[in-house]
Amino acid sequence: MKQILLSHGGGGEETQKLIKDLFFRYFSNPVLEKMEDAAVLELNSKLAFTTDSFTVSPIFFKGGNIGKLAVAGTVNDLAMIGAKPLYLSCSFIIEEGLPFDQLEEIVSSMAEEMKKSGVKIVTGDTKVVPRGSADKIFINTTGIGQVIYEGISASNIDAGDVILVSGTIGDHGACIMAQREGIEMEGELASDCATLWPIVKDLIDSKITIKAMRDPTRGGLSAVLNEWAEASDIGIEIEEDAIPVKNEVQGMCELLGLDPLTLANEGKLILSVPERDAEKALEILRSNSLGKDAQIIGRAIPDYKGRVVMKTSYGSKRILEPPAGELLPRIC
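Residues numbered from 1 in each chain as written. Predicted model: local features only at pLDDT ≥ 70, side-chain atom pairs only at ≥ 80, totals over all residues. Heavy atoms only, no water.

**Brief notes about the sheet that holds strand β5 (residues 120–129)**
The strands making up a sheet are joined through hydrogen bonds of the backbone, oriented either antiparallel or parallel. Spatially, the four strands line up as an open sheet ordered β1-β6-β4-β5, and their pairing is mixed. The sheet terminates laterally at β1 (47–54) and β5, the two strands that pair on one side only. For this sheet, the mean inter-axis angle between neighbouring strands, taken without regard to orientation, is 15°. Relative to strand β6 (residues 137–147), strand β4 (residues 83–95) is paired through eleven bridges, and the arrangement is antiparallel. Across the sheet, the residue bridging to Ser91 is Asn140, located in β6. (Pairing = 2+ DSSP bridges. Helix = DSSP H or I, 4+ residues; strand = E, 2+ residues; numbered from the N terminus. Axes fitted to C-alpha atoms, helices over the stretch in contact; angles between N-to-C directions.)

Pasting the structure below:
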């Protein structure tokens with residue numbers, strides 16, 4: 001079986017062969033092929049700039065792998081601020097001995113995921129470390145996007161604004177936890193890992209007013225709503241029965257004593273819009289396959305400033321505290 005060797009990261013002939021025979025085969029574009037130390041880009045507008053590192057374990061999971069996650073995760077960070085994804089850098093830290101076919105599968109999935117937003121990898125780096133110095137592969141991606149919708153911010157929400165979620169929550173976190181722990185679940189429990197730019201573009205093109213938008217990754221829905229309530233100095237009230245959760249996710253949470261509202265997602269967005277735009281926003285979300293399970297889950301209120309209140313299925317109310325500690329390391 002062909003494996004990654006330390007020489008693949010040594011900067012010599014093996015490194016050049018890895019770059020040209022594998023990375024260029026999937027990521028090829030004129031900027032990248034110049035192989036300069038830095039990419040020269042022509043940009044004449046307001047930009048968004050983000051970076052993220054991915055260490056998810058296992059590196060292959062139902063619904064994706066570390067490569068797909070690296071592209072989608074960074075593209076989504078740009079999309080959530082109203083920026084059209086344009087360019088990525090990509091750095092690989094690879095453990096000696098990683099099967100070459102696994103690396104190619106990861107790189108191939110990255111190429112497929114980039115097609116969904118049109119983003120291009122224009123610069124990168126590869127390091128190979130000795131066995132035992134890393135866990136198979138880590139990836140860092142940095143993204144640049146053109147801001148086409150300005151003013152999206154966690155501090156923009158006013159009392160009366162409506163909160164929507166684009167689909168079922170906790171899917172990625174539940175999938176990773178089940179696979180890592182060897183828990184067999186009935187049904188189709190899979191990561192929701194996906195590029196959100198197409199659905200964000202639909203929202204922007206519709207001309208609705210977008211107050212705030214976020215993909216609820218680590219810390220899940222609970223973390224995002226608590227951050228919004230504090231940043232905007234308002235209360236947020238949500239309806240427990242309105243929050244979409246898959247039966248498989250709910251079942252695993254009940255089994256392990258977890259709260260699906262704190263589990264990570266990698267293909268959902270939370271949206272705040274004025275009440276006048278709520279139904280239109282819901283219609284737009286549901287018209288895209290990424291948002292077919294979208295729901296209105298609550299609204300901003302003048303009371304409980306800085307806190308999130310949930311109306312439970314039993315008719316009572318409880319404070320939804322922000323998640324504390326690290327629920328599941330290496331989730332992304």
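**Some remarks on the pairing of β6**
Taken across its eleven residues, β6 has eight buried, putting it largely inside the fold. Relative to β6, β1 runs antiparallel, the two sharing eight bridges. Within the sheet, the bridge partner assigned to Ala48 lies in β6 and is Gly145. (Buried < 20%, exposed > 50% of the residue type's maximum accessible area, 1.4 Å probe, protein only.)

**Structural notes on the sheet that holds strand β7 (residues 162–165)**
The sheet built from seven strands is open, its strands ordered β8-β10-β7-β11-β9-β12-β13 with mixed pairing. Either end of the sheet is taken by a strand with one partner, and the two such strands are β8 (212–214) and β13 (317–319). Strand-to-strand twist of the sheet, defined as the mean angle between neighbouring strand axes without regard to direction, takes the value 25°. The pairing of strand β9 (residues 235–239) with strand β12 (residues 308–311) spans four bridges and is classified as parallel. Within β12, the residue paired with Glu239 across the bridge is Lys311.

**Let's talk about the packing of aromatic side chains**
Enumeration according to the criterion identifies two aromatic pairs in this entry. Look at Phe23 and Phe27: their rings are 6.3 Å apart centre to centre, the planes differ by 5°, and that puts the pair in the stacked class. Of this pair, Phe23 and Phe27 both sit in helix α1 (residues 13–27), four residues apart, which is roughly one turn of the helix. Like Phe27, Phe23 is buried. Their ring planes at 5° and their centres at 4.8 Å tell us that Phe23 and Phe92 sit as a pair that is stacked. Here the residue Phe23 occupies a position in helix α1, and Phe92 occupies one in strand β4, the gap between them amounting to 69 residues. (Phe/Tyr/Trp six-rings, centres within 6.5 Å; stacked < 30°, edge-to-face > 60°.)

**Quick word on the side chain of Lys268**
Here Lys268 lies in the loop between α8 (247–256) and β10 (270–273). Lys268 gets classed as buried once you look at its relative accessible area, which sits at 8%. Polar side-chain contacts of Lys268 include one of 3.4 Å to the side chain of Asp171. Of the polar contacts made by the side chain of Lys268, one reaches the side chain of Asp192; its length is 3.1 Å. Once residues lying within four places of it in the same chain are set aside, the contact partners of Lys268 are Ser166, Gly167, Thr168, Asp171, Asp192, Leu196, Arg214, Asp215 and Pro216. (Polar contact = N/O pair within 3.5 Å; in protein donor to acceptor, adjacent residues only side chain to side chain. Contact = heavy atoms within 4.5 Å.)

**Comments concerning the pattern of salt bridges**
Per the stated rule, a full pass over the model turns up 22 salt bridges. A salt bridge links Glu104 to Arg25; the shortest N-O distance between them is 2.9 Å. With a gap of 79 residues between them, Glu104 in helix α4 (residues 100–114) and Arg25 in helix α1 connect regions that are remote in the sequence. Residue Glu104 is classed as partly exposed on the basis of its relative accessible area, which comes to 21%. A salt bridge links Arg299 to Glu275, with the nearest nitrogen and oxygen atoms 3.6 Å apart. In this pair, Arg299 is assigned in strand β11 (residues 295–301) and Glu275 in the loop between β10 and α9 (278–286), connecting sequence segments 24 residues apart. (Salt bridge = Lys/Arg side-chain N within 4 Å of Asp/Glu carboxyl O.)

**Observations regarding the nonpolar core**
In terms of nonpolar packing, the biggest core is built from 73 residues, with Phe27, Phe92, Ile137 and Leu271 touching the most fellow members. Ile137 has contacts with Ile59, Ile66, Phe92, Ile93, Ile94, Leu98, Leu103 and Ile106, leaving out every residue within four places of it along the chain. The next biggest cluster of nonpolar side chains, apart from the first, holds 23 residues, and it includes Ala212, Ile236, Ile238 and Met310. (Core = buried A, V, L, I, M, F, W, Y, C linked by side-chain atoms within 4.5 Å.)

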